[in-house]
Amino acid sequence: LPDPRLCRSGRPRAKARKVIDSSTYANRLALRLRELMDQKGLTPEMLRDRMKGEGLSVAKPTIEAWLSGRNRVDLNAIPILATVLGVKPRTVFPDR
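Just so you know, the residues in each chain are numbered from 1, in the order the chain's sequence is written. A pLDDT threshold of at least 70 governs which residues receive local features in this predicted model, and a stricter bar of 80 or more applies before side-chain atom pairs are shown or counted, although totals over entire chains, interfaces and linings include all residues. Values shown for side chains rest on all heavy atoms present in the structure; no hydrogens or waters enter the calculation.

## A few points about the nonpolar core
Alright, step 1. Nine residue types can take part in a nonpolar core, namely buried Ala, Val, Leu, Ile, Met, Phe, Trp, Tyr and Cys, and a core is a set of them joined through side-chain atoms within 4.5 Å. Whether a residue is buried, partly exposed or exposed follows from its accessible area with a 1.4 Å probe, protein chains only, as a fraction of its type maximum: under 20%, in between, or over 50%, in that order. Residues Leu33, Leu47, Met51, Trp66, Val73, Leu81 and Leu85 are the most contacted members of the largest nonpolar core, which totals 19 residues.
Alright, step 2. Where this core is concerned, the elements lending two or more residues are α1 (25-40), α2 (44-53), α3 (60-68) and α4 (78-85).
Alright, step 3. A per-element tally of this core places α4 first, with five residues. Strands here mean DSSP runs of E at least two residues long; helices mean DSSP runs of H or I at least four residues long; both are numbered from the N terminus.

## Things to note about the packing of α2 against α4
Alright, step 1. Where α2 meets α4, the closest approach of the two axes is 9 Å, and the angle between their N-to-C directions is 115°. Between α2 and α4, the crossing angle belongs to the class labelled roughly perpendicular. Seen from above, α2 lies across α4 with right-handed handedness. Mapping the contact onto sequence places Leu47, Arg50 and Met51 in α2 and Ile80, Leu81, Val84 and Leu85 in α4. Here an axis means a line fitted to C-alpha atoms, over the contact stretch when the element is a helix, while the angle between two N-to-C directions is reported on a 0 to 180 degree scale. Throughout this description, any angle smaller than 35 degrees is read as roughly parallel, any larger than 145 degrees as roughly antiparallel, any in the 65 to 115 degree range as roughly perpendicular, and the remainder as oblique. Crossing chirality is assigned from the near helix's rotation relative to the far helix, an anticlockwise turn below a right angle marking it left-handed and a clockwise turn marking it right-handed. Contacts are residue-level and defined by heavy atoms, with any inter-residue pair within 4.5 Å sufficient.

## As for the pattern of salt bridges
Alright, step 1. When a carboxyl oxygen of Asp or Glu lies within 4 Å of a side-chain nitrogen of Lys or Arg, that pair is called a salt bridge. Summed over all chains, the structure comprises four salt bridges.
Alright, step 2. In this structure, Glu35 and Arg32 form a salt bridge, with 3.0 Å as the shortest nitrogen-oxygen distance. Here Glu35 and its partner Arg32 are both found in helix α1, three residues apart, which amounts to about one turn of the helix.
Alright, step 3. A salt bridge links Asp49 to Arg48; its shortest N-O distance comes to 3.5 Å.
Alright, step 4. For Asp49, a relative accessible area of 46% puts it in the partly exposed group.
Alright, step 5. Here Arg48 falls in the partly exposed class, since its relative accessible area comes to 26%.
Alright, step 6. Here the residues in one salt-bridge network are Glu45, Lys60 and Glu64, joined through shared partners.

## Quick look at the environment of Trp66
Alright, step 1. Secondary-structure assignment places Trp66 in helix α3.
Alright, step 2. We classify Trp66 as buried; its relative accessible area is 5%.
Alright, step 3. Not counting the four nearest positions on each side in its chain, Trp66 is found in contact with Ala30, Leu33, Met51, Val58, Asn71, Arg72, Val73, Asp74 and Ala77.

## Quick word on the packing of α1 against α3
Alright, step 1. Packing of α1 against α3 leaves a shortest axis separation of 6 Å and a crossing angle of 110°. As far as their axial angle goes, α3 and α1 are roughly perpendicular. Here Asn27, Ala30, Leu33, Arg34 and Met37 of α1 come into contact with α3, specifically with Trp66, Leu67 and Ser68.
Alright, step 2. Under the scheme applied here, ten amino acids are nonpolar (Ala, Val, Leu, Ile, Met, Phe, Trp, Tyr, Cys and Pro), four are charged (Asp, Glu, Lys and Arg), and all others, including Gly, are polar. Tallied by class, residues from the contact of α1 with α3 come to five nonpolar, two polar and one charged.

Function cannot be inferred from these measures alone, as they are strictly geometric.
Listed below in structure tokens is the structure:
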């Protein structure tokens, strides 16, 4: 029997995402990060590994807190985050 945790291609199935209310800045930042990660095809684990490769170790719970809107990204992490996402640092911030 095939592993139910994997899709047909053999990759892990995507987890359902919690819908985020965009009324707060932290939540808008979370939505923006998710959008940029989706464009690059990055999972939170991949983002963490690539940030570590750029010299910044970030714990998985920290990235999950960013993506849920519970915490804001530390300003010192923005340049590395932008590099990993292939965008300019200003692009990481939400427009509103």
